[in-house]
Amino acid sequence: MQWGWLQALAASFPGGRRYGEISWGSTPFGPPGSARSHARRDRMRAAVAALALSAVIAAESVRAQSAAPPVDFTIAFIGDQGLGSNAQAVLTLIRSEGADVVLHSGDFDYQDDPKAWDDQISGILGRDFPYFASAGNHDAARFYGPGGYQEFLAARMNRLGIAWRGDLGVQSSFTYRGIFFVLTAPDVFGDGDGLYDLFIARELAADDSTWRISSWHEDMQLMQVGGKDDQTGWGVYEQSRRGGAIIATAHEHSYSRTYLLSSCRDQTVASTASTLILSRDDPSTPADEGRSFVFVSGLGGKSIRSQLLDGPWWASVDTSTQGANYGALFGVFDYQGDPAVAHFYFKEIGGRVVDDFFVRSAAAGGPRPCTTAVCDCPEATPCDDGDACTVDDACDAGGVCRAGAPRSCEDFDACTVDTCSPRSGCDHRPIVLADVRRVLTRGSRVEACAGQRLPKSVARRLGRARRLLGRASRTGNGAGRAITRALHLLGQAEAALGSAQQHLSPGCAAALRGQLDDASTKMSCLRPGSRA
């Protein structure tokens, strides 16, 4: 839908011009840079938006529905971008990951230069790449009017033939490839409570898509881990949760993601499982069944800030405190052909994946999930026992959720140690010297060699390699030389084992050779330049 009707509507007010250029008679709103400092202007704009919304809803009583997303349909979520090399590196990452869409939750280039921002996107992703955005506080001065951000966003939507309802990027909604988007701007243009929360509730209630995403820029203090205050009001969070919509925000220049929440206002965790099950509220019941999660993806390229806040509702945090780099959150919908499942991961431009989780939409139908230890569900119904290290949990005959098979955390990277935490799931930390020393220690205590004496030529070299690495780990000096010498000793130990294996059982010789190979592989990961 084009936005000329909104301009005409604004022009119908006395003394008014195009929406975004409103002067309201002789009362000026101040210079362009004061977009958030005049409450009266915000109220006037909010009034126009509310009136415009009523006109749209009256004119479009029937909402077109699209088919489910294509298999492995990927959305990149970012915010707080800027211009320059960091922002371009994030866009390049998005292209290399094969993303089909970008959803930008506000703060574009920080220089009030819409054309430069649009050129940066087109130069890397292409002029016709689907790029959706909500207005941020740093975009307010140049969002409306000729040559403004909204004009570039609308032109891109029009080239792609994507119709939308409402004030694009401020109070708008649309469906693209089976996914329903609601884009708002609480506290940027008007209050969140009493305006945008009502819009979000109405739009989500009228939509029956399997996947719904509610996106805006600013935050409430406890829905970010940095230095932001309460800004949007809780209504936009709670109405999005009740509608079973994924809640995408930015503003704080870091990454954070909650567990599944049954209340954003109270930070009530519904489940700590690594598979988050979205569900919407049934207004015909007294219970509030809405479940969703909130994320802040603000590492689009502008800057990286430290962690100042924490809470038990956070599933993942990546700030300068954790050594964060710029990156994007990727959501892969219709994952491997399952329309009810999406795979999410946050990836930095250096290749590090700092968060990895799955989301299931209850709107896709099928058996209602059980997410508590004891629940009213038939035998064999899928459930979640709250342990991130189990998969395929199911209810038993008594309605108790029983753990399924252990989760495999194998990432097939020889240079990581793969572990699982019942609370946070899989972790893949880099190999350190202590890991190699443990392998060398086990090499002299192989169960298959019980009752057999380790050949002195092998034991002596294993001991020397272990001592070398021990000294290097304690002092931190000469680690590269110690690793090179230790690798040489392991090579000698393997050669000595070949000469002495006739004195060992075949099982013992094979087990020792496996331990030596394992130690050599892990040690090679620590050599300078091995992780370039």
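Structure: above.
This one's a predicted model, so the numbers in the text were calculated from it and none came from an experiment.

### Some words on the sheet that holds strand β15 (residues 327-333)
Then, number 1: Taking strand neighbours across the sheet as the criterion, the seven strands line up as β3-β2-β1-β15-β16-β17-β12 in an open arrangement whose pairing is mixed. Taken across any chain shown, the strands that pair with only one partner, and hence form the sheet edges, are β3 (131-134) and β12 (275-278). Sheet twist, expressed as the average angle between the axes of neighbouring strands with direction ignored, equals 20°.
Then, number 2: As judged from the four bridges shared by strand β1 (residues 73-78) and strand β2 (residues 101-105), these two strands associate in the parallel manner.

### Some words on the side chain of Asp-334
Then, number 1: Inspection of the secondary structure assignment puts Asp-334 in the loop between β15 and β16 (341-348).
Then, number 2: Although Asp-334 lies buried, it forms no salt bridge, and the closest oppositely charged side chain, Arg-360, sits 10 Å away as judged by the N-O distance.
Then, number 3: At 3.2 Å, the side chain of Asp-334 and the backbone nitrogen of Asp-338 are in polar contact.
Then, number 4: For Asp-334, the residues in contact, after removing those within four places along its chain, are Pro-69, Pro-70, Val-71, Asp-72, Pro-339 and Val-341.

### Focus on the pairing of strand β13 (residues 294-297)
In the case of a regular strand, side chains alternate between the two sheet surfaces.
Then, number 1: The two faces of β13 match: Val-294 and Val-296 on one face and Phe-295 and Ser-297 on the other face are all buried.
Then, number 2: Bridge count for strand β8 (residues 246-249) against β13 is three bridges, and the pairing is parallel. By the bridge assignment, Ala-248 is partnered in β13 with Phe-295.
Then, number 3: Both strand β9 (residues 255-258) and β13 contribute to a ladder of three bridges, which runs antiparallel. Pairing of Arg-257 across the sheet is with Phe-295, part of β13.

### A closer look at the nonpolar core
Then, number 1: With 87 residues, the main nonpolar core has Ile-75, Ile-94, Phe-132, Phe-181, Phe-189, Ile-213 and Tyr-237 as its most contacted residues.
Then, number 2: Those residues in contact with Phe-181, other than ones at most four positions away along the chain, are Ile-75, Leu-103, Phe-132, Ser-172, Ser-173, Phe-174, Tyr-176 and Ile-213.
Then, number 3: Core analysis: the next-biggest nonpolar cluster, separate from the first, contains 28 residues, Ile-431, Cys-449, Ile-483 and Ala-493 among them.

### Structural notes on the packing of aromatic side chains
A ring pair, where both rings are aromatic, is described by two values, the distance of the centres and the angle of the planes.
Then, number 1: Applying the stated rule across the entire model yields 25 aromatic pairs.
Then, number 2: Arranged with centres 5.0 Å apart and planes meeting at 65°, the rings of Phe-108 and Tyr-149 form a pair that is edge-to-face. Taken together, the positions of Phe-108 in the loop between β2 and α4 (114-125) and Tyr-149 in helix α5 (residues 149-160) put the pair 41 residues apart, joining distant regions of the chain.
Then, number 3: With a relative accessible area of 0%, Tyr-149 lands in the buried category.

Basis of the calculations
- Residue numbers restart at each chain and count upward from 1, following the sequence in its written direction.
- Predicted model: local features are reported for residues with pLDDT of at least 70 only, side-chain atom pairs are reported and counted for 80 or more only, and whole-chain, interface and lining totals are derived from all residues.
- Only hydrogens and water are set aside; all other atoms, that is, all heavy atoms of the structure, feed into the side-chain values.
- When DSSP finds at least two bridges between two strands, those strands are taken to pair.
- In DSSP terms, a helix is any run of H or I states spanning at least four residues, a strand is any run of E spanning at least two, and both are numbered starting from the N terminus.
- With axes taken as lines fitted to C-alpha atoms, and helix axes fitted only over the stretch in contact, angles between N-to-C directions fall between 0 and 180 degrees.
- Burial classes follow relative accessibility: with a 1.4 Å probe on protein chains only, a residue under 20% of its type's maximum area counts as buried, one over 50% as exposed, and anything between as partly exposed.
- Neither His nor the chain termini are counted; the positive set is Lys and Arg, and the negative set is Asp and Glu.
- Salt bridges are defined as contacts in which a side-chain nitrogen from Lys or Arg sits within 4 Å of a carboxyl oxygen from Asp or Glu.
- In protein, a polar contact requires one atom able to donate a hydrogen and another able to accept it; more generally it is a pair of N or O atoms within 3.5 Å, and residues adjacent in sequence count only if both atoms are side-chain atoms.
- We call two residues in contact whenever any of their non-hydrogen atoms come within 4.5 Å of each other.
- We define the nonpolar core as a collection of buried residues of types Ala, Val, Leu, Ile, Met, Phe, Trp, Tyr and Cys that are connected through side-chain atoms lying within 4.5 Å of one another.
- We call Phe, Tyr and Trp rings a pair once their centres come within 6.5 Å, taking the six-membered ring for Trp, and we label the pair stacked below 30 degrees between planes, edge-to-face above 60, and tilted otherwise.

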